[in-house]
Amino acid sequence: MRQDEARQVRARIAELERDLMATTPMGRHRRFEAGHELCNAKFRLERLEECIAEMPRNVAARSD
């Protein structure tokens, strides 16, 4: 379950990074929102990875 959530957060991070690096015009406010969401997603991923690392191996393997 946590692994699935971590995969979703990683995908969202990649999407936000692509959006921020794209050459298409993006308004200042939208760029700010994307940057803020990216920061929050990275923080969330870090916490999820810590949680996953603390799970017993047999529980982590079953939840995949």
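Criteria and thresholds
Residues numbered from 1 in each chain as written. Predicted model: local features only at pLDDT ≥ 70, side-chain atom pairs only at ≥ 80, totals over all residues. Heavy atoms only, no water. Helix = DSSP H or I, 4+ residues; strand = E, 2+ residues; numbered from the N terminus. Expected span 1.5 Å × (residues − 1). Buried < 20%, exposed > 50% of the residue type's maximum accessible area, 1.4 Å probe, protein only. Arc of directions from axis to C-beta. Core = buried A, V, L, I, M, F, W, Y, C linked by side-chain atoms within 4.5 Å. pLDDT = per-residue confidence, 0-100. Salt bridge = Lys/Arg side-chain N within 4 Å of Asp/Glu carboxyl O.

Its 20 residues place the ends of helix 1 (residues 2–21) 28 Å apart at the C-alpha level, agreeing with the 28 Å of an ideal helix rising 1.5 Å per residue. Restricting attention to buried positions, one finds in helix 1 the residues Gln-3, Ala-6, Val-9, Ile-13 and Leu-16. Each buried residue of helix 1 lies within a common arc of 140 degrees when the element is viewed along its axis, so the set occupies one face. Those residues of helix 1 that are exposed and angled more than 90 degrees off the buried face are Gln-8 and Arg-18.

Okay, the nonpolar core next. Residues Ala-6, Val-9, Ile-13, Leu-16, Ala-34, Leu-38, Ala-41, Leu-45, Leu-48, Ile-52 and Met-55 constitute the largest nonpolar core, which totals 11 residues. Secondary-structure elements contributing two or more residues to this core are helix 1 and helix 2 (28–54). Broken down by element, this core gets its largest block of residues, six residues, from helix 2.

Here we take up the confidence of the model for the chain. Per-residue confidence for the chain gives a mean pLDDT of 87; residues scoring 70 or more make up 89%. Taking the mean pLDDT of every element in the chain, the minimum, 60, falls on helix 3 (residues 57–62) and the maximum, 94, on helix 1.

A separate point is the pattern of salt bridges. Evaluation of the coordinates by the stated rule reveals nine salt bridges. A salt bridge links Glu-5 to Arg-2; the shortest N-O distance between them is 3.7 Å. One end of the pair, Glu-5, and the other, Arg-2, are both in helix 1, three residues apart, so they sit about a helical turn from each other. For Glu-5, a relative accessible area of 25% corresponds to the partly exposed category. Between Arg-10 and Glu-49 there is a salt bridge, with its nearest N and O atoms 3.1 Å apart. Pair noted here: Arg-10 is in helix 1 and Glu-49 is in helix 2, with a separation of 39 residues, a long-range link. The network of salt bridges with shared partners includes Arg-2, Glu-5 and Arg-44.

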